[in-house]
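Per-entry structural report
The residues making up each chain are set out below.
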Amino acid sequence: MTSAEPLDDPVPPLAEASGITKRFGSTVALADARLTVDPGESHALVGRNGAGKSTLVNVLTGIFPPDTGEVRFDGEPAPSPGDRDGWRSKVACVYQKSTIIPELTVAENLFVNRQPGRRGVISWRRMRREAAELLETWDVQVDPAVPARELNVQDRQFVEIARALSFGARFIILDEPTAQLDSAEIERLFTRMRSLQKSGVTFLFISHHLQEVYEVCQTVTVFRDARWITTRPVADLPQAALVEAMTGEAADLGRSTGRREPVTTQVRLEVKGLSDGAYEDVDLDVRRGEVVGLAGSSASGKIELAETLVGLRRPRSGTATMDGAPLPFGDVRRAMSAGIGFVPRDRHRQGLVAGLPVGENATMTVADKLGPYGMVRPRRLRAVAAKAIADLDIKTQGPDQPVNGLSGGNQQKVVMARALAIDPKLLILINPSAGVDVKSKEALLGIVDEIRAQGTSVIVVSDELDDLRPCDRVLVFLHGRITAEHSAGWNDHDLVASIEGVS
Amino acid sequence: MTEAMAKPRAAAGDRAGSGAMLRRLREFTLVPALIALVVLGAVVNDSFLTERNIISILGASAALALVVLAESLILITGKIDLSLESTVGIAPGLGALLVIPAASAGFGTKWPAWLGILAIFVVGGAIGAFNGFLSVKLRLNAFIVSLAMLIVLRGLLTGATEGKTLFDMPSSFFSIATTTFLKLPMSVWLAVACFAAAGFVLRYHRLGRSLYAIGGNPEAARAAGIRVERVTWAVYTIAGVLAAAAGLCLTGYVGAINANQGQNMIFTVMAAAVIGGISMNGGKGTMTGAITGVLLLGVVDNLLTLAQVASFWKQAIYGAIILFALVVSRVTSGQAQE
């Protein structure tokens, strides 16, 4: 780490990329991209999916050599592409997908392939001791002897950061670190980032959640369509201007848009005394055309309740009815026949079959309706899929493109199409905008307003405030029980306070 | 919005069309290799391209084809069943034991022949259902549990026959391989019909499509309302029935049931399936690919016989050719075999 130099000799930027161009075949991933990160700051990198953030990260960490342009660290040219240790001593990235090996202990993970020992024989004692010292140095409170699978997401991140620092890197890239954390954990992460920042660590912080950028970063760089757009102090760029820079147009988020007068149509879903351990004794009514939000931290039981309603889980006790008829539990097929469509919590795990085409994925829920006797007529399938692609504005080459070739936002739209295909009477959206760019998020939430007008009821399950804005009312879960209800027009502070259980 | 949407959609349609075309072509990547082998065979041996020899290749491949079909269905669903080769032996074996007299090592139950043949399929289905139970309901690892079943079933057949070869079956036990239609044995027609039916269902029926979804991502399939357990179980059962049918074809082809009927067959089955582009990781593969895999190995086997390769060396050469075919199909398809 360079120490502070006198003012007349300005400190070279810790990391600097300039004139970076990177193509993959005919796709331009980066065009004349640049980034300057000064030592000691937390620098946000924002942009919609496909803006070129991931490619830039791969260039900055030496995984892809750029076609043109150069990367410099502390004013010096970056190590040569093959020099992994050289790169590791300059920069490290904590990816959204953990690179921790679950079956090895924390200590082994810290010293993978560089285990301390003598003449190739590993000294386990020394490894455990050095691991403990390393964790101590960076104040990570984890037992080095436990298998890494026993750590939660947050501790794994901290272990990864400690490992990166132990290679000598003082520039850490965090790729959507908050995506899988609940709000208390996010707060802890930010506290940790601030204290590391004080000990001289520089962060490049990537997130879809703009309020986090304001909370923890000093500078922000915006990318759009593979190009650098702007780099500014966070304080000079209000949220509306930031969204505008990301999307190229003014956005309208941040208002509760649900109906304020109570919805008085017929009750569609009636839940009585439902319990399954993750949630207890839940009563809930959703009327026709009503949009109800379920908020709460990640362990509050809100997702488990939603998964029960869609048939993925079986409750221990209690009942639910749809339009007066009892709702069968534990069977997705029957829940769908009862009129419940849903977007599952994790599109990669439950939402999509990666190797199958867009059309196949989008019509998976209605495969029995694409021809007589369960036949699937390719022309019919393609027509249904093409309509969904048009209706949801999915950016794809067409129904035959494999779905894993799509960007995150468009993949999520395919999952939405799959849910809407059954023409649901009740649509349940679990984390509908997780890992999705601003524009796609708007489009996905826009669907809620569209279908409610046709009398479809919607339940939005999320702790993302923007997801909850279209709701007529928001129910807050805390430790498995509904503890608060907010009508449309709620203000962010009150809602967050009741999610945190401090109201 | 509608106007803006219309254009890109039309363009997307064209590109998607050519993409689908390309994918369709991929199914036939083995065809050039097959043609090359046939040409090679015709050049090196005069008797290769004769009608008699071609019928012989097809007749000899029918049983293998049915087991490859069974295994392919299971592999596409994301599972594996090694015990199919033992089903090939034990299903017709039990059927025969129920029919033949005690003097010929039978059980002495002396069932009528038609009931014995029906029993073959019931036994195959029951074994498949049991394998499904172990892997779907008890959630045991499909590979290791079917390996155990392979040994158990083989042992049961050896025990029940006391290691003897069964001869004394009524002629109806052999008629599937001895009766011909348009010069081809019925076993070949059976294999063709089963492949055609499976190919159609896999492509044009929701149940067939659901195999790809389950093999690709069972969680996502379940969340889309597909009854993953039920479908997987059914696939195991159908595979058992197909393996039993293969056993009957083999019995007719050989003219007897040996205690080791079907032994070591699973390696060839796996090779044919993987050469034919069926993914070991599930979710990928077509019947066109599987059948070309079978024909390729059938032709190779026949060529080695015609070339009168010393029988001690045949196995090594056969294995080397399978290895070579795997490498070639990896290169031509451009996709990693998983």
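Coordinates for the structure precede this section.
A brief report on the enclosed structure follows. Just so you know, these numbers come straight off a predicted model, no measurement behind them.

**Details of the overall build of chain A**
- Each helix and strand in chain A was counted, giving 17 helices and 22 strands.
- Relative to the compact-globule value of 23 Å for 503 residues, chain A shows a C-alpha radius of gyration of 25 Å, a close match.
- Oriented by its inertia axes, the alpha-carbon framework of chain A measures out at about 75 × 50 × 45 Å.
- Expressed as a percentage of its 503 residues, the buried residues of chain A come to 49%.
- Of the contacts formed within chain A by residues at least 6 apart in sequence, a portion of 67% connects residues at least 24 apart.

**What about the sheet that holds strand β3 (residues 42–46) of chain A?**
All names here are of chain A.
- Within the open sheet, the six strands sit side by side as β6-β9-β10-β3-β11-β12. Their pairing is mixed. Two strands bound the open sheet, and with one partner strand each, they are β6 (91–94) and β12 (227–233). The sheet shows a mean angle of 20° between the axes of neighbouring strands, direction not considered.
- Sheet strands touched by helix α1 (residues 53–60): β3, β6, β9 (171–175), β10 (202–206) and β11 (219–224). Its angle to β9, the strand with the most contacts, is close to 155°.

**Some thoughts on the pairing of β10(A)**
Residues and elements named next belong to chain A.
- The element β10 is largely enclosed, with a buried count of five among its five residues.
- A two-sided burial pattern is seen for β10, the buried positions comprising Thr 202, Leu 204 and Ile 206 on one face and Phe 203 and Phe 205 on the other.
- Relative to β10, β3 runs parallel, the two being bridged by four bridges. Within β10, the position partnered with His 43 by the bridge is Leu 204.

**Regarding the interface of chain A and chain B**
- Chain A puts 30 residues into the contact, and the matching count from chain B is 28 residues.
- Secondary structure elements with two or more residues in the side of chain A that touches chain B: α10 (332–337), α11 (347–351) and α13 (378–391) of chain A.
- Tallied by class, residues from the side of chain A that touches chain B come to 15 nonpolar, nine polar and six charged.

**Brief notes about the sheet that holds strand β18 (residues 340–343) of chain A**
Residue and element names in this part refer to chain A.
- The strand order across the open sheet formed by six strands is β18-β19-β20-β15-β21-β22, and the pairing between neighbours is mixed. Strands with a single pairing partner mark the edges of an open sheet, and in this sheet they are β18 and β22 (481–487). Within the sheet, the average angular offset between the axes of one strand and its neighbour, ignoring direction, is 20°.
- Strands in contact with helix α9 (residues 302–310) are β15 (291–295), β18, β19 (426–430), β20 (457–461) and β21 (473–478); relative to β19, the strand with the most contacts, it is inclined by about 145°.
- Packed onto the sheet, helix α14 (residues 408–420) meets β18 and β19 and runs at close to 175° relative to β18.

**Examining helix α12 (residues 265–275) of chain B**
- For α12(B), a buried count of nine out of 11 residues is recorded, marking the element as mostly surrounded by other parts of the structure.
- Directly beyond the C-terminal end of α12(B), a positive phi value near 90° is found at B:Gly277.

**Section: the packing of helix α5 (residues 113–137) of chain B against helix α6 (residues 142–161) of chain B**
Residues and elements named next belong to chain B.
- Between α5 and α6, the shortest axis-to-axis distance is 10 Å and the interhelical angle comes to 145°. Viewed along their axes, α5 and α6 form a crossing whose handedness is right-handed. Counting all contacts with α5, which are made through Ile 127, Asn 131, Leu 134 and Ser 135, the residues of α6 involved are Ala 142, Val 145, Ser 146, Met 149 and Leu 153.
- Grouping the amino acids of the contact of α5 with α6 by side-chain chemistry returns six nonpolar, three polar and no charged.

Conventions and cut-offs
- Residues numbered from 1 in each chain as written.
- Chains lettered and ligands numbered in written order.
- Predicted model: local features only at pLDDT ≥ 70, side-chain atom pairs only at ≥ 80, totals over all residues.
- Helix = DSSP H or I, 4+ residues; strand = E, 2+ residues; numbered from the N terminus.
- Rg over C-alpha atoms; globule rule 2.2 N^0.38 Å.
- Buried ≥ 20, exposed ≤ 12 C-beta atoms within 10 Å, placed from the backbone.
- Contact = placed C-beta atoms within 7 Å.
- Pairing = 2+ DSSP bridges.
- Axes fitted to C-alpha atoms, helices over the stretch in contact; angles between N-to-C directions.
- Nonpolar A, V, L, I, M, F, W, Y, C, P; charged D, E, K, R; others polar.
- Left-handed = near helix turned anticlockwise from the far one by under 90°.

Bear in mind that shape data such as this cannot, by itself, settle questions of function.
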